[in-house]
Amino acid sequence: MPLIAATGLAVRLGRAEVLHDVSLSLEPGEIVTIVGPNGSGKSTLLRALIGAAPLSRGHLHRAPGLRIGYVPQRLHIDPTLPMTVMRFLALPRRRTAGELRAALDRAGLPDLRHRQMADLSGGQFQRVLLARALMDTPDLLILDEATQGLDQPGSAAFYRRIEEVRQDMGCAVLMVSHELHVVMSASDRVICLNGHVCCEGRPEIVAQAEEYRALFGTGTHGALALYRHEHGHSHDHDHDHDHSHEAAE
């Protein structure tokens, strides 16, 4: 039984229909990456799947008792607000010291319980967000461009940790990313989204980063040359989008 199954899903934001006719399913234990140009509805799709964006059409089924952990694209905490890692991880309910240490360990961090959130590096901050998402042992971990703002080594290390989390905890992973050079090898399946599901399938193995960058620099069409398309679909209208400068939706 899939963890989540969407059929004919559509979402309107104001007068604009951001998503239409989206059908997909997520199976236990798999890592799925969503890619697409700016404004393609990637973040909206994640919000719809977790119930934070209302559907205008379609059906969405979640497995009974499904536990979801969510790592946002960014989270702003006022640097003048005293907030330790321990306090942050304990919201909205108290946690034992053992639970906090275990969560930080799963996220690949030392015990930073007493550090101020404002004093963390970008990579440490994102790992703390990951630790919080893992606190309740989710069946599905969702990440919305969780490495935005990190340098390439930091992003690669973060995604290696995600692979280890999947192996250790057995959870499925659904992530939005434009950094295909670090997520391609970790993904079991890739979904291309541009208001609807253009195509999906297993990613090709990218042998050399130089080849990837050459294709990636040509925009969405070039990036999609890395995937085995399940069916024919024209992406000519996406040529003007450049994933390497993809902004938050």
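Refer to the structure presented above.
None of these values were measured; they are calculated from a predicted model. (Residues numbered from 1 in each chain as written. Predicted model: local features only at pLDDT ≥ 70, side-chain atom pairs only at ≥ 80, totals over all residues. Heavy atoms only, no water.)

1. Some thoughts on the sheet that holds strand 7 (residues 172-176)
Here comes step 1: Taken in spatial order, the six strands of this open sheet run 5-6-7-3-8-9, and their pairing is mixed. In this open sheet, the two strands that pair with only one neighbour each are strand 5 (68-71) and strand 9 (197-201). Taken pair by pair, the neighbouring strands of this sheet meet at an average axis angle of 15 degrees, ignoring direction.
Here comes step 2: Of the strand pairs in this sheet, strand 3 (residues 31-35) and strand 8 (residues 189-193) are connected by four bridges, and their pairing is parallel. Bridging across to strand 8, Val-35 finds its partner in Cys-192. (Pairing = 2+ DSSP bridges. Helix = DSSP H or I, 4+ residues; strand = E, 2+ residues; numbered from the N terminus. Axes fitted to C-alpha atoms, helices over the stretch in contact; angles between N-to-C directions.)

2. Digging into unusual backbone geometry
Here comes step 1: The phi torsion at Thr-137 lies on the positive side, around 50 degrees, for a residue other than glycine.
Here comes step 2: Checked against the element boundaries, Thr-137 lands in the loop between helix 4 (122-133) and strand 6 (140-144).
Here comes step 3: The phi angle at Glu-145 is positive, at roughly 45 degrees, despite the residue not being glycine.
Here comes step 4: Here Glu-145 is to be found in the loop between strand 6 and helix 5 (152-169).
Here comes step 5: Glu-145 sits in the buried class, given a relative accessible area of 4%. (Buried < 20%, exposed > 50% of the residue type's maximum accessible area, 1.4 Å probe, protein only.)

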